[in-house]
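Notes for the structure review
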Amino acid sequence: MATTTQTRTADTALTIAEKAFELLTCEPAPLVFDASPVPGLPDRTMPLDELRELLVDERYDSDTTDELWRQLAHHAREWGPAWVVGAIGVALPGLTHLAAKISRGHAGHADDVDSEVLAAFLQALRTADLAPPRLWLRLCWAAWRAGAAVVKPDNGEELPLDLPSGSRSPRMPYGHPDLLLGRAAAAGLISAEAAELISATRFGDALIEQLAAERGVTAPVLRMRRRRAERIVAAAVTRGDLSDPTRSSDCREPARAA
């Protein structure tokens, strides 16, 4: 959770949440968290803003992070609205980072992205299964998916008015990209896992950091595997090997991307 808060110039759901958190953690009676049950954290109580700074400045393992968020989620569910605001405030550096990343290139949607990210995180905080593993990542993943849906292109495109009425051959390589990936996997050019990785992260809403955590590797390693598989598929497309499903079975290459 080593992220920093991004600057917001206008009131959005996230900046309003930040102001509420500041009121909750100001003197003389800031809301405090008992960190002693959480392995790896200091064995004492601390104000929530101090806890947040600690999480920003230090990197903790998944066991510590899971237990911390299990405690915060329990407090939010059982101890009233102040702890809901408090838990969200602790998460705000990460949520603001996610929202800024999603909004990049979509400034007109920034307010909506902030609102959806916050709403989805709050819903997950209230309802998610709190059992390990990777509780913090699952909470963030819910927020990411909701925010990304705001800027996802609309698939309901209208037909152009000058569309020719006659038929024409489809452009090579025919069909949806997932079909190409399936043909490449069937031909042995890439593995089924590599095809799924490309499909999920390029054409779906999957976050490569989340998939890397689930597979027990780092995100750079997974990106390298994806890049290697994509180059193999691109070369096959250039040769025309994936245009015809009957040809793809005859175009195997010795090297296969894992």
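What counts, and where the lines are drawn
Residues numbered from 1 in each chain as written. Predicted model: local features only at pLDDT ≥ 70, side-chain atom pairs only at ≥ 80, totals over all residues. Heavy atoms only, no water. Helix = DSSP H or I, 4+ residues; strand = E, 2+ residues; numbered from the N terminus. Buried < 20%, exposed > 50% of the residue type's maximum accessible area, 1.4 Å probe, protein only. Contact = heavy atoms within 4.5 Å. Areas by Shrake-Rupley, 256 points an atom, 1.4 Å probe, with all protein chains shown as cover. Phe/Tyr/Trp six-rings, centres within 6.5 Å; stacked < 30°, edge-to-face > 60°. Expected span 1.5 Å × (residues − 1). Bend = angle between axes of the 7 residues up to and from the residue. pLDDT = per-residue confidence, 0-100. Salt bridge = Lys/Arg side-chain N within 4 Å of Asp/Glu carboxyl O. Patch = residues over 30% accessible without salt bridge, like charges linked within 9 Å, V, L, I, M, F, W, Y side chains within 5 Å. Lys, Arg positive; Asp, Glu negative; His and termini not counted. Charge placed at Lys NZ, Arg CZ, Asp CG, Glu CD. Axes fitted to C-alpha atoms, helices over the stretch in contact; angles between N-to-C directions. Parallel < 35°, antiparallel > 145°, perpendicular 65-115°, else oblique. Left-handed = near helix turned anticlockwise from the far one by under 90°. Nonpolar A, V, L, I, M, F, W, Y, C, P; charged D, E, K, R; others polar. Polar contact = N/O pair within 3.5 Å; in protein donor to acceptor, adjacent residues only side chain to side chain.

1. Overview of the overall build of the protein
Within the protein one finds 11 helices and two strands. Of the regular secondary structure in the protein, the N- to C-terminal order runs α-β-β-α-α-α-α-α-α-α-α-α-α. When the 258 residues of the protein are sorted by exposure, 43% land in the buried category. Long-range contacts, defined here as pairs at least 24 residues apart, represent 64% of the contacts in the protein between residues at least 6 apart. With the model as given, the accessible surface of the protein reaches about 14400 Å², and the carbon-plus-sulfur share is 53%.

2. Some details on unusual backbone geometry
Where the residue is not glycine, phi is negative for most of them; where a peptide bond is considered, it is trans in most cases. The omega torsion across Glu27 and Pro28 is 15 degrees, close enough to zero to call that bond cis. Position of Pro28 relative to the elements: it lies in the loop between helix H1 (13-24) and strand S1 (32-34). Of note, the phi angle at Arg134 is positive, near 55 degrees, even though the residue is not glycine.

3. Considering the packing of aromatic side chains
Summed over all chains, the structure comprises five aromatic pairs. By the ring-pair criterion, three or more aromatic residues cluster together here, those being Phe33, Trp79 and Trp83.

4. Some remarks on the environment of Gln123
Residue placement: Gln123 occurs in helix H5 (residues 110-127). With relative accessibility at 46%, the residue Gln123 sits in the partly exposed group. Sequence-wise, Gln123 and Ala143 are 20 residues apart; in three dimensions their C-alpha atoms are separated by 9.1 Å.

5. Some thoughts on helix H4 (residues 81-103)
Along its 23 residues, H4 runs just 29 Å from first to last C-alpha, ending more than 12% under the 33 Å computed at 1.5 Å per residue. In the structure, H4 departs most strongly from a straight axis at Leu92, where the bend amounts to approximately 55 degrees and where the proline Pro93 lies between one and four residues downstream. With 18 of 23 residues buried, H4 lies mostly within the body of the structure. Following H4 by one or two positions, Gly105 has its phi on the positive side, about 85 degrees.

6. Thoughts on the confidence of the model for the protein
Here the protein averages 81 in pLDDT, and 79% of its residues register 70 or above. Ranking the elements of the protein by mean pLDDT puts helix H11 (residues 245-248) last with 47 and S1 first with 97. Taken together, the stretch residues 154-175 has pLDDT below 50 and engages in 11 contacts with residues farther than four places along the chain or on a different chain. Predicted confidence is poor over residues 245-255, with pLDDT under 50, and the contacts of this stretch with residues over four places away or in other chains come to 21 contacts.

7. Overview of the pattern of salt bridges
Applying the stated criterion across every chain, the model contains five salt bridges. In this structure, Arg52 engages Glu18 in a salt bridge whose closest nitrogen and oxygen atoms are separated by 2.8 Å. Of this pair, Arg52 sits in helix H2 (residues 48-57) while Glu18 sits in helix H1, and the two are 34 residues apart along the sequence. In terms of burial, Arg52 and Glu18 fall into one category: buried.

8. Thoughts on a negative patch on the surface
On the surface, Glu27, Asp49, Glu53, Asp57 and Glu58 cluster together to form a negatively charged patch. Tracing the backbone through its elements, the reader meets Glu27 in the loop between H1 and S1. With relative accessibility at 62%, the residue Glu27 sits in the exposed group.

9. Observations regarding the packing of H1 against H4
At a minimum axis separation of 9 Å, H1 and H4 run at an interaxial angle of 135 degrees. Classed by the angle they form, the pair H1 and H4 counts as oblique. As for the relative orientation of H1 and H4, their crossing is left-handed in sense. Residue-level contacts link Leu14, Ala17, Glu18, Ala20, Phe21 and Leu24 of H1 to Ala82, Val85, Gly86, Ile88, Gly89, Val90, Leu92, Leu95, Thr96 and Ala99 of H4. Residues that form the contact of H1 with H4 fall into these classes: 12 nonpolar, three polar and one charged.

10. A short note on the packing of helix H9 (residues 208-215) against helix H10 (residues 219-239)
With their axes 8 Å apart at the nearest point, H9 and H10 run at an angle of 105 degrees to one another. Relative to H10, H9 is oriented roughly perpendicular. Between H9 and H10, the residues in contact are Ile208, Glu209, Leu211, Ala212 and Arg215 and Ala219, Leu222, Arg223 and Arg226, respectively.

11. Things to note about the side chain of Thr25
By the element assignment, Thr25 lies in the loop between H1 and S1. Reaching out from Thr25, the side chain makes a polar contact with the backbone oxygen of Phe21 at a distance of 2.9 Å. Other than its neighbours up to four places away in sequence, Thr25 contacts Pro30, Leu31, Leu48 and Asp49.

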